[in-house]
Amino acid sequence: MSIDRATVAKIASLSRIKMSDEELDTMAPELSQILDWVEQLGEVDTSNVEPMTAVIPNKLRLRDDVVDADPKTGGDRRDDVLANAPAAEHGFFAVPKVIE
Amino acid sequence: MTDLTTLGIKAIRDGVKAGDFTAREVAEGFNANVAAAEALNAFIVATPDHALSAADAIDAKRAKGEELGAMGGVPIGMKDLFATKGVQTTAASHILEGFTPEYESTVSQNLWDAGAGMLGKLNLDQFAMGSSNETSYFGNVTSPWRRPDGANTPMSPGGSSGGSSTAVSARLAPAATGTDTGGSIRQPAAFTGITGVKPTYGRCSRWGVVAFASSLDQAGPMAQDVTDCAIMLGAMAGFDPKDTTSLDMPVPDWEGALSDGLSGKKVGIPREYRMDGMDAEIEASWDRGKEMLRDAGAEIVDISLPHTKYALPAYYIIAPAEASSNLARYDGVRYGLRDLPDGAGLQDMYAETRAAGFGDEVKRRILIGTYVLSAGFYDAYYNQAQKVRALVAQDFEKAWAQCDIILAPTTPSASFGLGEKDDDPIGMYLNDVFAVPASLAGLPAMSVPCGVNSEGLPLGLQLVGKAFDEQGVMNAGLAIENRAGFTQRAEKWW
């Protein structure tokens with residue numbers, strides 16, 4: 001088995017997903033099975049290959065350096081941005097107290 | 001009078017334009033079909049009023065003699081991965097339940113601008129992760145198709161665009177949007193006897209589409225036939241400055257240039273797709289496909305895509321890696337679910353929210369993605385997968401020296417019963433073994449129905465083309481459609 005329960009607990013913590021002991025027990029063999037299966041990529045000789053960075057060659061564009069170049073993604077939309085927040089106060093996202 | 005809900009995009013658009021019927025009559029017909037099909041669970045939310053108001057706008061335009069648009073009067077289903085202003089958008093997840101966007105995705109806006117209306121938001125695999133539509137928080141979608149054995153086993157409509165495939169196949173919508181990351185348009189189209197096109201990466205804007213794996217995600221049409229797909233793709237596609245990977249090139253008149261004559265064209269048959277233990281009926285359908293394309297004037301040539309075997313494992317590193325990064329945004333702060341136990345701090349809130357909000361398959365992929373990107377493993381997994389991806393793309397580049405189009409099966413089998421593959425993640429992933437290589441290379445590809453198997457379940461054939469050659473793909477698809485004579489429909493039981 002390529003990854004054990006403790007490793008799954010570690011990556012679950014890195015992923016910010018709380019997992020019960022039971023879930024870790026189920027997930028460890030499943031993830032191991034998948035990782036064992038993808039190991040076959042090691043057979044491929046890639047010594048002279050550059051990793052793909054763009055599937056279709058394209059140049060990166062810059063938008064015009066003006067305010068509200070596109071009204072859909074421009075500024076002055078605070079209320080729209082906050083409309084779906086689970087908690088918003090005084091025009092900000094609200095979260096539990098972080099600093100004691 | 002014809003039952004308007006048997007009609008496809010072209011027939012509806014042309015009929016409305018000619019005054020044979022009104023757009024409102026069409027919308028009312030499909031709204032009624034949607035309401036009567038709850039047993040299929042194809043829709044997460046129905047939006048009959050959206051469909052009616054779009055139809056009324058088209059009828060009013062016609063009365064004034066104005067242009068009605070490429071999709072004028074056609075109501076469609078919208079996969080619930082596209083943000084729709086004022087209408088709940090969930091990606092079939094609990095974590096986005098109740099999320100009501102303040103904006104419209106580019107693709108859906110393009111469709112409304114072309115005169116289409118919305119029948120509702122279609123169910124899918126959660127965050128588009130799945131090949132059977134069994135990972136939705138809102139329940140499985142059931143295919144309208146059944147085996148003729150009398151057992152009435154609920155069958156999979158494929159995934160992730162399973163609500164879309166079911167809606168079109170069961171005539172709940174004349175067409176629907178889909179998205180394809182590693183086969184999510186083509187595989188469900190094949191399972192339900194409909195036609196679906198994944199265009200070249202960048203043809204359709206990803207802006208406002210809930211992200212799964214950004215280097216692979218592409219939107220495309222799912223409809224009754226090739227002509228309808230050509231019309232709808234034309235309405236969906238186009239340059240969008242809001243998507244950095246959007247193709248800045250004109251959208252061709254795909255519908256106008258459709259032709260099923262393939263003289264002078266070479267069709268490649270990749271030998272690596274003929275796998276050990278291949279389903280004999282799939283192999284036979286592939287052979288029939290070759291005959292049909294030969295009959296259309298094409299020359300059939302053998303080709304080799306040597307890295308085919310490694311495409312699927314590479315995909316299952318790259319897609320989860322991108323997903324783990326994309327799905328980091330669901331934190332219980334800005335939108336969607338927040339799970340905040342009494343006295344919990346910020347970190348606990350993240351972990352509790354994500355534990356409650358994501359389904360098992362989504363968690364599995366986030367964990368795999370986090371693992372392969374973590375310190376010490378990045379080169380061995382992610383970088384190696386991106387190198388293999390480059391080799392898969394090179395295989396296609398070399399093949400284009402010998403052929404213009406590639407023909408292959410869409411899937412390794414016909415549809416299966418819901419629950420039959422639940423305990424086998426890799427067995428489920430293998431559904432996309434023929435679909436994933438074109439996704440990794442960003443190439444246009446489609447599935448077109450070619451017949452039914454001995455159980456009466458539909459089979460699809462896949463066509464893959466050069467980058468930007470959607471026309472060649474759809475022309476070859478049309479050649480098959482015109483020769484396959486696929487007229488079977490699922491018998492109505494819902």
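Residues numbered from 1 in each chain as written. Chains lettered and ligands numbered in written order. Predicted model: local features only at pLDDT ≥ 70, side-chain atom pairs only at ≥ 80, totals over all residues. Heavy atoms only, no water.

**Some points on the overall build of chain B**
(1) Moving on: Assigned secondary structure in chain B consists of 15 helices and eleven strands.
(2) Moving on: For 494 residues, the compact-globule estimate of 2.2 N^0.38 gives 23 Å, and the C-alpha radius of gyration of chain B, at 21 Å, lies within 12% of that figure.
(3) Moving on: Of all intrachain contacts in chain B linking residues separated by at least 6 positions in sequence, the fraction that spans at least 24 positions is 77%.
(4) Moving on: Of the roughly 15700 Å² of accessible surface on chain B, a fraction of 48% belongs to carbon and sulfur atoms.
(5) Moving on: Taking the average location of the 41 positive side-chain charges in chain B and that of its 61 negative ones, the two points are 4 Å from each other. (Helix = DSSP H or I, 4+ residues; strand = E, 2+ residues; numbered from the N terminus. Rg over C-alpha atoms; globule rule 2.2 N^0.38 Å. Contact = heavy atoms within 4.5 Å. Areas by Shrake-Rupley, 256 points an atom, 1.4 Å probe, with all protein chains shown as cover. Lys, Arg positive; Asp, Glu negative; His and termini not counted. Charge placed at Lys NZ, Arg CZ, Asp CG, Glu CD.)

**Details of the side chain of A:Gln40**
(1) Moving on: You can see A:Gln40 is positioned in the loop between α2 (21-38) and α3 (78-82).
(2) Moving on: You can call A:Gln40 buried: its relative accessible area is 18%.
(3) Moving on: Reaching out from A:Gln40, the side chain makes a polar contact with the backbone oxygen of A:Trp37 at a distance of 3.1 Å.
(4) Moving on: Residues within four places of A:Gln40 in sequence aside, it is in contact with B:Lys309, B:Tyr310 and B:Pro313. (Buried < 20%, exposed > 50% of the residue type's maximum accessible area, 1.4 Å probe, protein only. Polar contact = N/O pair within 3.5 Å; in protein donor to acceptor, adjacent residues only side chain to side chain.)

**What about the side chain of B:Asp432?**
Residues and elements named next belong to chain B.
(1) Moving on: Mapping Asp432 onto the fold places it in the loop between α13 (425-429) and α14 (436-441).
(2) Moving on: Summary of buried charges: Asp432 has no salt-bridge partner, and the nearest side chain of opposite charge, Arg365, is 6.6 Å away.
(3) Moving on: A polar side-chain atom of Asp432 sits 2.9 Å from a polar atom in the side chain of Ser131.
(4) Moving on: Among all residues touching Asp432, those that are not within four sequence positions of it are Ser131, Gly182, Gly183, Gln187 and Leu312. (Salt bridge = Lys/Arg side-chain N within 4 Å of Asp/Glu carboxyl O.)

**Looking at the interface of chain B and chain A**
(1) Moving on: Contacts between the two partners involve 74 residues from chain B and, on the opposite side, 53 residues from chain A.
(2) Moving on: In total, about 5300 Å² of surface goes out of reach between chain B and chain A, with carbon and sulfur atoms giving 68% of it.
(3) Moving on: On the surface where chain B and chain A come into contact, there are four salt bridges.
(4) Moving on: Taking the shortest distance from any N to any O, the salt bridge between B:Lys363 and A:Glu23 comes out at 3.6 Å.
(5) Moving on: Applying the counting rule to chain B against chain A returns 20 residue pairs in polar contact (both at pLDDT 80 or more).
(6) Moving on: Broken down by secondary-structure element, the contributors of at least two residues to the side of chain B that touches chain A are α9 (308-326), α10 (346-357), α11 (360-373), α12 (379-399), α13 and α14 of chain B.
(7) Moving on: It is α12(B) that provides the largest number of residues to the side of chain B that touches chain A, a total of eleven residues. (Buried area = accessible area lost by both parts, 1.4 Å probe.)

**So, the pairing of strand β10 (residues 445-452) of chain B**
Strand residues, when the strand is regular, have side chains that alternate between the two faces of the sheet.
Residues and elements named next belong to chain B.
(1) Moving on: Counted residue by residue, β10 has seven buried out of eight residues, so it is predominantly covered.
(2) Moving on: The pairing of strand β5 (residues 195-198) with β10 spans three bridges and is classified as antiparallel. Paired with Lys198 across the two strands is Ala445, which belongs to β10.
(3) Moving on: Examined bridge by bridge, β10 and strand β11 (residues 458-465) share seven bridges and lie antiparallel to one another. Within β11, the residue paired with Val452 across the bridge is Pro458.
(4) Moving on: Between β10 and β11, which follow one another and run antiparallel, lie five residues, and Gly456 among them has a positive phi close to 80 degrees. (Pairing = 2+ DSSP bridges.)

**Here's the deal with the nonpolar core**
In summary, soluble globular proteins display a tendency toward joint burial of nonpolar side chains.
Residues and elements named next belong to chain B.
(1) Moving on: Within the largest apolar cluster, 181 residues are counted, with the highest numbers of intra-cluster contacts made by Met71, Leu111, Phe127 and Leu293.
(2) Moving on: Among the elements that make up this core, the one with the highest residue count is α9 (eleven residues).
(3) Moving on: When neighbours within four sequence positions are excluded, Phe127 is seen to be in contact with Ala91, Ser93, Ile95, Leu96, Val210, Phe212, Leu327, Tyr330, Phe358 and Val362. (Core = buried A, V, L, I, M, F, W, Y, C linked by side-chain atoms within 4.5 Å.)

**Describing the layout of surface pockets**
If you roll a probe as big as a water molecule over the atoms, it shows you where there is empty space left.
Residues and elements named next belong to chain B.
(1) Moving on: Estimated volume of the largest pocket: approximately 810 Å³.
(2) Moving on: The wall of the largest pocket is formed by 28 residues, among which Phe99, Tyr103, Trp207, Gly208 and Tyr335 lie closest to the centre.
(3) Moving on: Among the residues forming the lining of the largest pocket, the class breakdown is 13 nonpolar, five polar and ten charged.
(4) Moving on: The computed volume of the second largest pocket comes to approximately 530 Å³. (1 Å grid on protein atoms, 1.4 Å probe; cavity = no way out; pocket = protein on both sides within 12 Å on 5 of 7 lines; lining within 4 Å. Points joined across faces, edges and corners; volume = space filled by probe spheres on them. Nonpolar A, V, L, I, M, F, W, Y, C, P; charged D, E, K, R; others polar.)

**Some remarks on empty space enclosed by the protein**
All names here are of chain B.
(1) Moving on: Counted under the stated rule, the structure contains six cavities of 30 Å³ or more.
(2) Moving on: What the largest cavity holds in volume is close to 60 Å³.
(3) Moving on: If you trace the largest cavity, you find it lined by Ala128, Gly130, Ser131, Gly182, Ser184, Tyr315, Tyr316, Arg365 and Asp432.
(4) Moving on: Of the residues assigned to the lining of the largest cavity, the class counts are three nonpolar, four polar and two charged.

**Side note on the confidence of the model for chain B**
(1) Moving on: Summarising the model, chain B shows a mean pLDDT of 97, and 100% of its residues fall at 70 or more.
(2) Moving on: Both scores are given for the predicted complex: the pTM is 0.97, the ipTM 0.95. (pLDDT = per-residue confidence, 0-100.)

**Examining helix α4 (residues 106-113) of chain B**
Residues three or four positions apart in an α-helix share a direction because the helix packs 3.6 residues into each turn.
Residues and elements named next belong to chain B.
(1) Moving on: Among all positions in α4, only Thr106, Val107, Ser108, Leu111 and Trp112 are buried.
(2) Moving on: Those residues of α4 that are buried lie in contact with α3 (48-63), β2 (75-79), β3 (117-122), β4 (175-180), β6 (218-223) and α7 (226-236).
(3) Moving on: Immediately beyond the C-terminal end of α4, within one or two residues, lies Gly115, with a positive phi of roughly 100 degrees.

**What to know about the pattern of salt bridges**
(1) Moving on: Enumeration over the complete set of coordinates arrives at 30 salt bridges over all chains.
(2) Moving on: A salt bridge links B:Arg186 to B:Asp180, with the nearest nitrogen and oxygen atoms 2.9 Å apart.
(3) Moving on: On the basis of relative accessible area, B:Arg186 is assigned to the buried category, the value being 0%.
(4) Moving on: Exposure remark for B:Asp180: the relative accessible area of 0% places this residue in the buried category.
(5) Moving on: Across the pair B:Glu361 and B:Arg365 runs a salt bridge whose closest N-O atoms are separated by 2.7 Å. Pair noted here: B:Glu361 and B:Arg365 are both in helix α11, with a separation of four residues, about one helical turn. Exposure class is identical for B:Glu361 and B:Arg365. Each is buried.
(6) Moving on: In the salt-bridge network here, residues are joined through shared partners; they are A:Glu30, B:Glu361, B:Arg364 and B:Arg365.

**Things to note about the pairing of β2(B)**
Residues and elements named next belong to chain B.
(1) Moving on: For β2, the buried fraction is high: five of the five residues fall into the buried class.
(2) Moving on: Covered by surrounding structure in β2 are Pro75, Gly77 and Lys79 together with Ile76 and Met78, the residues of both alternating faces.
(3) Moving on: Bridging between β2 and β3 involves five bridges; their strand directions are parallel. Each residue of the ladder has a partner; that of Ile76, found in β3, is Met118.
(4) Moving on: Tracing the backbone out of β2, into α4 and back to the parallel element β3 gives a crossover that is right-handed. (Right-handed = clockwise from strand over helix to strand, strands pointing away.)

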